[in-house]
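Summary of structural features
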Amino acid sequence: MLDGHFVDIGDVVLHDAGMDVRSPTHELTRAAAALRARRMALARKAPWPLSIDGLSALRGLTLPSGLAKPLGKGMGAQADYEPDHDDEDPLAGHFAEIDAILARTSKTLAGETPLPKRRSHLVYDPEIDEAENEDLWLDVVKRTEQWPAIAAAAITWDAWTALGMYPRQPWLGLIMAGSILRARGLTTHLLPLVSGYKASRYRLQGGEGGVEKVEAFARIVDEAVSQGEKDLQRLILARETMMRRAKDCRSNSRLPQLIDLFLSRPLVSVAIASKLIGVTPKAVDLMLAQLGGALPRELTGRRRYRAWGIV
């Protein structure tokens, strides 16, 4: 959104689940990268994004331990939202990851693995020292630790834009601002600050003072809260509409569980519902037919491998 490119939310959901109905565009892959970064920032404890390791992981340069493993081809949304309970030893995976890192380090030190080449000057500006900018920005974060949450997030976001942090990932700045609000205890979730930025129509002109910047950021936060309330009301309305269809069901009906599944996941297919609810695919088809007009939007537009979601 910050780049002026818009993608369909249904395409983002399908791409995130590995169920694309068409070849992904450049804008779609960037939107998916922003979604992964936001999900990663939310999955870890609040101070973690405000560190060198957090910045590196959110940019996609490294994969932090403790997060979901990368999806293989054909894994789909089922693997993305379900924990793996098949491992007998829950620490075995962590030890294996440590062994792999030590093996790669030993090969690099022995000269068996070539060091990565420098980045192309055709893509990256050689005059920008990203490491120095990261240190300067993290210093601003540290110096505003005792500030009120809104003021600290506003100043650190302004420093982010002034330093030109990561020109190829401009959306990361507002995720970091939301992480600061979360780290200071103002929120327990990441506010949709990008939506608030769009709704507030605030744009940097270069001549604003500190007070004006804090006031403008406060308007962004206010609009983001309003957007979050609208999304919550939309989910509540969708639940009430679907629950009307379930009020006359048998006491042992699994339809309420299917409705809760729609509310907890952006995409639900027959296979996912069958596995998580514990019924046959035919039973899921019958429950979907029972919802009738209250059934959420069909996302794939295909006869096979259909999926639905509240988007």
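As annotated in an unreviewed UniProt entry, the protein carries the name DUF1612 domain-containing protein and comes from Microvirga thermotolerans.

Focus: the packing of helix 7 (residues 149-163) against helix 10 (residues 210-246)
It is at 9 Å that the axes of helix 7 and helix 10 come closest, and there the two elements cross at 105°. Judged by the inter-axis angle, helix 7 sits roughly perpendicular to helix 10. Residues I150, A151, A153, A154, I155, W157 and D158 of helix 7 form the contact with helix 10, whose participating residues are K213, V214, F217, A218, I220 and V221. The residue inventory of the contact of helix 7 with helix 10, partitioned by class, reads 11 nonpolar, no polar and 2 charged.

Some thoughts on empty space enclosed by the protein
Considering all chains together, one arrives at 2 cavities of 30 Å³ or more under this definition. Computed from the structure, the largest cavity encloses a volume of approximately 40 Å³. Every residue lining the largest cavity is listed: A154, W157, D158, Y202, L204, K213 and F217. Looking at the lining of the largest cavity, the elements with two or more residues in it are helix 7 and helix 10. By residue number, the principal contributor to the lining of the largest cavity is helix 7, which donates 3 residues. Tallied by class, the residues present in the lining of the largest cavity amount to 5 nonpolar, no polar and 2 charged. Roughly 30 Å³ of internal volume is contained in the second largest cavity. Lining the second largest cavity, in full, are D11, L14, D20, V21, R22 and L28.

Reading the values: the criteria
- Sequence positions are assigned chain by chain, starting from 1 and proceeding in written order.
- Reporting in this predicted model follows two pLDDT cut-offs: at least 70 for local features of residues, and 80 or more for side-chain atom pairs to be given and counted; totals over whole chains, interfaces and linings ignore these cut-offs and use all residues.
- With hydrogens and water excluded, all non-hydrogen atoms of the structure serve as input to the side-chain values.
- For helices, the axis comes from a line fit to the C-alpha atoms of the stretch in contact; other axes are also lines fit to C-alpha atoms, and the angle between any two N-to-C directions lies between 0 and 180 degrees.
- By definition, any uninterrupted DSSP run of H or I lasting at least four residues is a helix, any uninterrupted run of E lasting at least two residues is a strand, and each is numbered from the N terminus.
- By the definition adopted for this analysis, an angle is roughly parallel if under 35 degrees, roughly antiparallel if over 145, roughly perpendicular if from 65 to 115, and oblique otherwise.
- Note on definitions: a residue-residue contact is assigned when non-hydrogen atoms from the two residues lie within 4.5 Å.
- Amino acid classes used here: Ala, Val, Leu, Ile, Met, Phe, Trp, Tyr, Cys and Pro are nonpolar; Asp, Glu, Lys and Arg are charged; the rest, including Gly, are polar.
- Buriedness for pockets is judged along seven lines, at least five of which must meet protein on both sides within 12 Å for an open set on the 1 Å grid over protein atoms alone, while cavities are sets there where a 1.4 Å probe fits but cannot get out, and lining residues have an atom within 4 Å of a point.
- Grid points are joined across faces, edges and corners, and a volume is the space filled by probe spheres set on the points.

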